[in-house]
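Observations on chain architecture
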Amino acid sequence: MVKTGYVHNLVLKKDGTVWAQGQNNEGQLGIGIKGRDNPDKFIIKNPIQIKKLTNIISLDTRDGHTIVLRKDGTLWVWGKNSSGELGLAQMAATVIIELNLCNFGYKGFNP
């Protein structure tokens, strides 16, 4: 499955891994940093695997953020959150965040 955001692409492979490429100005690639803060990570030309993110069954992406669904039913989000796109109030999310829909908690990891 291939999904395209405004300036980035994500690929969900049959093995449940997610690969990203393109512009990373809002952290939308899920590699743990914002490209605008790290010029060498602003544009990723060749697809890279988002580490530690496995068993993914679905994904979607928009302008500068991404949402994925893991096989165990958990949702994971990252990227732009200036208008609360990630459901995290106004917290920035350059790390991948797990949303717990039962109690609205979250935890995250750096890829």
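None of the values given here were measured: they were computed from a predicted structure.

1. Quick notes on the packing of aromatic side chains
Per the stated rule, a full pass over the model turns up zero aromatic pairs. Above the plane of the ring of Trp 19 lies Lys 13, whose end atom (NZ or CZ) is 4.3 Å from the centre.

2. Some thoughts on the pairing of strand β3 (residues 18-23)
Across five bridges, the pairing between strand β2 (residues 8-12) and β3 is antiparallel. Within the sheet, the bridge partner assigned to Leu 10 lies in β3 and is Ala 20. Hairpin geometry of β2 and β3 is characterised by an intervening segment of five residues between the two adjacent antiparallel strands and by a positive phi of about 90° at Gly 16. In this sheet, strand β4 (residues 43-49) lies alongside β3 in antiparallel orientation, the contact comprising four bridges. Looking across to β4, one finds that Gly 22 is bridged to Ile 44.

3. Here's the deal with the side chain of Arg 70
Along the chain, Arg 70 turns up in strand β6 (residues 65-70). Residues within four places of Arg 70 in sequence aside, it is in contact with Lys 52, Leu 53, Thr 54, Asn 55, Ile 56, Ile 57 and Trp 76.

4. A closer look at the pattern of salt bridges
What the rule picks out here adds up to one salt bridge. Here Asp 60 ties to Arg 62 by a salt bridge, and the two come within 3.2 Å at their closest N and O atoms. Given a relative accessible area of 28%, Asp 60 falls into the partly exposed group. What makes Arg 62 partly exposed here is its relative accessible area of 48%.

5. A look at the nonpolar core
Formed by 14 residues in total, the largest nonpolar core has its most connected members in Leu 10, Val 18, Ile 50, Leu 53, Ile 56, Leu 59 and Val 68. Looking at this core, the elements that each hand over two or more residues are β2, β3, β5 (56-61) and β7 (75-79). If near-sequence neighbours (up to four positions away) are discounted, Val 18 is found in contact with Leu 10, Val 11, Leu 12, Ile 48, Gln 49, Ile 50, Leu 53, Ile 56 and Leu 59.

6. Some words on the environment of Leu 53
Mapped onto the elements of the fold, Leu 53 is located in the loop between β4 and β5. Remark: the alpha-carbon pair of Leu 53 and Trp 76, spanning 23 residues in sequence, is separated by 9.0 Å.

7. Side note on the sheet that holds β3
Read across the sheet, four strands follow the order β1-β2-β3-β4 without closing on themselves; strand pairing throughout is antiparallel. The two strands at the open ends of the sheet, each matched to only one other strand, are β1 (2-4) and β4. Across this sheet, the average inter-strand angle for adjacent strands is 10°, counted without regard to direction.

How each quantity is defined
Residues numbered from 1 in each chain as written. Predicted model: local features only at pLDDT ≥ 70, side-chain atom pairs only at ≥ 80, totals over all residues. Heavy atoms only, no water. Phe/Tyr/Trp six-rings, centres within 6.5 Å; stacked < 30°, edge-to-face > 60°. Lys NZ or Arg CZ within 6 Å of the ring centre and 35° of its normal. Pairing = 2+ DSSP bridges. Helix = DSSP H or I, 4+ residues; strand = E, 2+ residues; numbered from the N terminus. Contact = heavy atoms within 4.5 Å. Salt bridge = Lys/Arg side-chain N within 4 Å of Asp/Glu carboxyl O. Buried < 20%, exposed > 50% of the residue type's maximum accessible area, 1.4 Å probe, protein only. Core = buried A, V, L, I, M, F, W, Y, C linked by side-chain atoms within 4.5 Å. Axes fitted to C-alpha atoms, helices over the stretch in contact; angles between N-to-C directions.

Shape descriptors only; they carry no functional weight alone.
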